[in-house]
Amino acid sequence: MGTDNQEIVLLDEKGRRLDGRLPGELRPIKIMAGVLHRADGSAYVEWGKNKVLAAVYGPREVHPRHLQNPQRAIVQCRYNMAAFSVQDRKRPGPDRRSIEISKVLSEALESVVLVERFPRTTIDVYLEVLQADAGTRCAALTAASVALADAGIPMRDLIPACAVGKVGGKVVLDLFKEEDNLGEADMPIAIIPRTGELVLLQMDGKMTPEEVKEGLKMAYDACKTIYELQKKALMEKYMVRTEELLDKETLQSAVERTEIPSEKTELLEEGAPEEAEAPEEEAPLGEEAEEVAEETAEEEVPETELLEMGEEFMEG
Amino acid sequence: MDKVVIVMEKISAGEIKQLKGEIVIPGQLVAEGAYRAGRWVYRDGDRYYATKLGLKEIRNIKGKNTINIIPLSGKYDPKEGDLVIGIVMDLGPTTWLFDINGPNPAPLHITETPWKVDFGATGRYFKVGDVAALKILYKDDTSHVQVTMKGPGLKKLHGGVITTIAPSKIPRVIGRKGSMIAMIKSLSKCQIIVGQNGRIWISGDMEKIRAVEEVLKYIENHSHFSGLTAEVAERLGGGAADVERARETSSRR
Amino acid sequence: MHYNVISELTREYIFRLAEKGKRRDGRVLDQFRDITVETGVIGTAEGSARVRLGNTEVVVGIKMQPGEPYPDSPDKGVMTTNLELIPMASPFIEPGPPGAEAIEMARVIDRGIRESGALPLEDLVITPGEKVWVLFIDIHVLDYDGNLFDAGTIGAVKALETAVVPAETYGLGENHPLKLREIPISTTFVKLGKAIAVDPTAEEESVARSRLTVTTDLDGNIRAMQKGIGGGFSLKEVEECIEKSIRFGRQLRSLLWEIERAGKEE
């Protein structure tokens with residue numbers, strides 16, 4: 001963190017910051033889910049001038065094998081900065097900073113992923129910072145849980161993340177680069193919104209206990225906002241599935257107007273074809289959500305239709 | 001920012017369709033009160049939360065409302081009894097190691113085949129890259145999986161091609177009571193074996209295989225919308241009669 | 001290592017299709033996938049481009065800083081091309097320093113740019129013998145569905161073309177655009193059975209018998225070539241590929257640069 005003798009005024013007399021934001025204001029955030037083809041799940045986050053991609057592969061085989069855990073899956077994050085993501089070109093490959101970040105992000109994600117479901121496997125989360133402007137670990141973690149959900153990894157919740165800090169003697173939210181360089185403290189956090197647990201907490205600089213308390217409150221509230229954006233991104237992926245390169249916005253506004261009187265809806269009304277009902281075949285019940293259920297299932301569930309169907313479709 | 005888009009071939013416009021159900025997100029509250037937690041749901045007191053991105057489904061099972069999440073994505077998670085399509089990745093003296101598109105490779109022991117295989121003679125039956133329709137024999141608590149080739153329809157596969165789609169979309173490919181796949185087979189006149197692991201083996205006329213592959217991609221990308229059967233029939237050159245037949249199949253008791 | 005398991009029957013199917021002039025994704029043999037190019041996508045880079053070639057996606061960033069010339073070439077700047085095959089891009093890529101594959105691709109892309117004279121290193125001199133621009137072309141592969149040679153080359157050329165020399169940052173006068181003198185375009189072919197297909201997907205690359213990349217310039221000269229994968233090409237096949245690469249080069253230049261004729265534009 002920087003020193004106190006600043007020539008640059010980080011906060012003006014109206015309480016506005018260098019980039020015009022108020023102390024409790026986030027930078028503009030845009031989240032998209034499912035942006036890559038090869039990965040099992042992916043997400044892209046633009047957060048102010050930060051541009052971060054997340055990709056998830058797994059659950060898959062663990063290499064090297066000695067990392068395997070017979071009881072559960074391991075979550076392996078790899079946070080990496082592209083050479084061109086910063087002002088002075090960064091030498092490619094991991095450094096001490098990225099290794100530490102990868103570790104704390106892995107641990108944060110392990111707290112929500114239902115790792116017991118997939119013994120002996122790894123869930124790999126690759127985080128690539130394409131453009132950095134302070135707060136990349138928070139942007140990366142925010143992208144990571146969206147990518148995990150997109151990959152169909154079972155989780156207790158998503159994890160939004162956000163940093164607070166101290167700039168010009170005041171607690172402010174979501175520091176950008178100049179503030180990060182010149183400010184007095186930085187404190188990235190991430191939470192599980194449903195339970196309120198903190199799953200990432202780091203801090204450097206100088207803050208009073210009161211300021212930390214104030215900062216945590218501020219970051220908590222911001223995480224709630226970010227959480228909504230994460231959910232929206234996942235929803236949007238499935239609201240309109242268009243072929244590549246189509247103008248998404250036009251289609252989305254069309255969807256909002258909805259109730260399109262298509263032949264399909266007419267079909268539904270008239271005779272209830274198979275799609276009108278829930279897809280029964282998609283519920284191979286049987287094994288339950290014992291993963292986290294505080295209580296186990298109370299009763300037997302009917303045999304799946306899938307098995308008998310197996311015989312049927314094989315004869316072809 | 002300057003952007004140039006070059007479309008080498010004209011791309012058809014995607015249509016707006018109806019969603020099959022409410023999309024839920026991990027951590028989302030899906031119900032409160034007297035319910036049963038089904039697949040991908042966990043309970044905390046009398047509150048029920050989704051653990052997977054998927055469609056919410058509430059069904060009455062033996063008088064109790066059960067909440068399930070039907071996943072929209074996810075890797076193949078082997079279950080005993082699943083039919084899968086495996087590709088040989090390695091050989092041992094008494095086993096073949098199959099890639100089953102799951103987290104870990106699955107061994108097939110020589111005694112789990114219809115053949116009498118001598119010790120060390122595994123190479124005579126399967127080479128690396130060969131394909132077979134197999135069944136998951138067992139899966140233990142630590143995810144060790146074994147497969148078998150003993151059973152109706154389980155065999156080494158020759159010719160044709162394998163298409164891979166998201167395993168979570170396989171139920172839609174099969175359709176209720178096998179209605180969708182039966183229709184695809186009859187319209188394309190292809191032999192098709194659908195593996196629960198997302199791999200689908202298709203054999204037949206090359207043009208027809210191409211058409212089936214395209215239809216499967218379509219189902220994969222539109223599985224969460226309704227009206228699939230009619231769309232698939234049309235894409236394979238079928239008509240209302242085929243949709244009707246599929247509907248009958250799906251409601252057959 | 002996560003192995004790329006391709007079944008023998010899929011390989012045969014792809015070959016049979018190709019021998020009938022067809023491909024699994026519906027293309028004909030002599031057809032590129034759709035291309036999207038965006039420039040100016042990375043604010044922290046001197047120049048940048050994001051290229052989507054079908055499902056392949058790369059981001060290229062140019063970074064420049066003053067440095068010393070090599071003692072044996074005091075009147076030339078320094079250019080380095082680096083390609084990062086990060087594990088995000090494909091299930092079969094392991095984390096770690098660039099392997100042989102990534103280095104080969106970076107070097108082939110580098111050769112096309114260097115040998116075509118697209119960016120004469122003399123242009124990068126600040127004070128002869130003392131100070132030159134050290135320029136890095138960093139190709140970051142985000143989504144790997146084959147043919148990184150061609151996607152990478154397009155990205156590198158587009159990023160260079162839009163790069164602004166950061167002279168002000170280093171007190172070396174005014175910022176000015178980097179001048180590109182040539183547009184090298186590479187075209188990559190693979191042999192599928194007896195057929196030859198352009199712009200291969202990852203699946204096609206993994207079953208291909210052999211691969212050939214040809215980089216051409218505006219005048220239709222050949223500026224770089226690279227043959228890869230175990231199998232070989234007949235002389236006639238190589239001649240055919242060269243001929244086609246000139247044609248594809250013209251087409252891509254006219255589409256991406258709106259250059260209609262096959263002559264230098266100054």
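### Let's talk about the sheet that holds strand 4 (residues 36-37) of chain B
In sheet architecture, strand pairing relies on hydrogen bonds along the backbone and comes in two forms, parallel and antiparallel. Residue and element names in this part refer to chain B. Ordered in space as 2-7-8-4, the four strands form an open sheet in which the pairing is mixed. What marks the edges here is a single partner per strand, and that holds for strand 2 (23-24) and strand 4. Bridging between strand 2 and strand 7 (residues 54-61) involves two bridges; their strand directions are antiparallel. Counted as the bridge partner of Ile-23 is Leu-55 from strand 7.

### Points about helix 5 (residues 240-251) of chain B
Residues and elements named next belong to chain B. Between the first and last C-alpha of helix 5 there are 17 Å, a value that for twelve residues agrees with the 16 Å anticipated at 1.5 Å per step. Listing the buried residues of helix 5 in full gives Asp-242, Val-243, Ala-246, Arg-247 and Ser-250. The buried residues of helix 5 all sit within an arc of 140 degrees when viewed along its axis, so they share a single face. Residues of helix 5 that are exposed and angled more than 90 degrees away from the buried face: Ala-241 and Glu-248.

### Some details on the environment of Lys79(B)
All names here are of chain B. Topologically, Lys-79 is positioned in the loop between strand 8 (64-71) and strand 9 (83-91). With 17 C-beta atoms packed within 10 Å, Lys-79 lands in the partly exposed category. Once you skip the residues sitting within four places of it in the chain, Lys-79 turns out to touch Ile-136 and Lys-139.

### Some remarks on the pairing of strand 2 (residues 41-47) of chain A
Residue and element names in this part refer to chain A. Within strand 2, six of the seven residues are buried, leaving the element largely enclosed by the surrounding structure. Note that strand 1 (residues 29-33) and strand 2 share five bridges and pair antiparallel. What sits directly across from Ile-31, in strand 2, is Val-45. Alignment of strand 2 against strand 3 (residues 50-61), held across seven bridges, turns out to be antiparallel.

### Some points on helix 2 (residues 179-188) of chain B
All names here are of chain B. Burial analysis of helix 2 places eight of its ten residues in the buried class, which makes it a mostly covered element. Among all positions in helix 2, only Ser-179, Met-180, Ile-181, Ala-182, Met-183, Ile-184, Leu-187 and Ser-188 are buried. Count one or two residues on from helix 2 and you reach Lys-189, which has phi positive near 55 degrees.

### Points about the environment of Pro91(C)
Residue and element names in this part refer to chain C. Relative to the helices and strands, Pro-91 is located in the loop between strand 4 (78-84) and helix 2 (100-115). The partly exposed category is assigned to Pro-91, around which 17 C-beta atoms lie within 10 Å. Separated by 53 residues in sequence, Pro-91 and Tyr-144 have C-alpha atoms that sit 9.3 Å apart.

### Quick notes on the nonpolar core
Residues and elements named next belong to chain A. Among the nonpolar cores identified, the biggest contains 228 residues, and Val-125, Ala-143 and Ala-144 are the most heavily contacted of them. In terms of residue count, the dominant contributor to this core is helix 2 (residues 136-150) (ten residues). Other than its neighbours up to four places away in sequence, Val-125 contacts Ala-54, Val-56, Val-75, Gln-76, Cys-77, Leu-109, Ala-144, Ala-147 and Leu-148.

Each value, and the rule that gives it
Residues numbered from 1 in each chain as written. Chains lettered and ligands numbered in written order. Predicted model: local features only at pLDDT ≥ 70, side-chain atom pairs only at ≥ 80, totals over all residues. Pairing = 2+ DSSP bridges. Helix = DSSP H or I, 4+ residues; strand = E, 2+ residues; numbered from the N terminus. Expected span 1.5 Å × (residues − 1). Buried ≥ 20, exposed ≤ 12 C-beta atoms within 10 Å, placed from the backbone. Arc of directions from axis to C-beta. Contact = placed C-beta atoms within 7 Å. Core = buried A, V, L, I, M, F, W, Y, C linked by C-beta atoms within 7 Å.

Function cannot be read off these values alone, since they describe shape.
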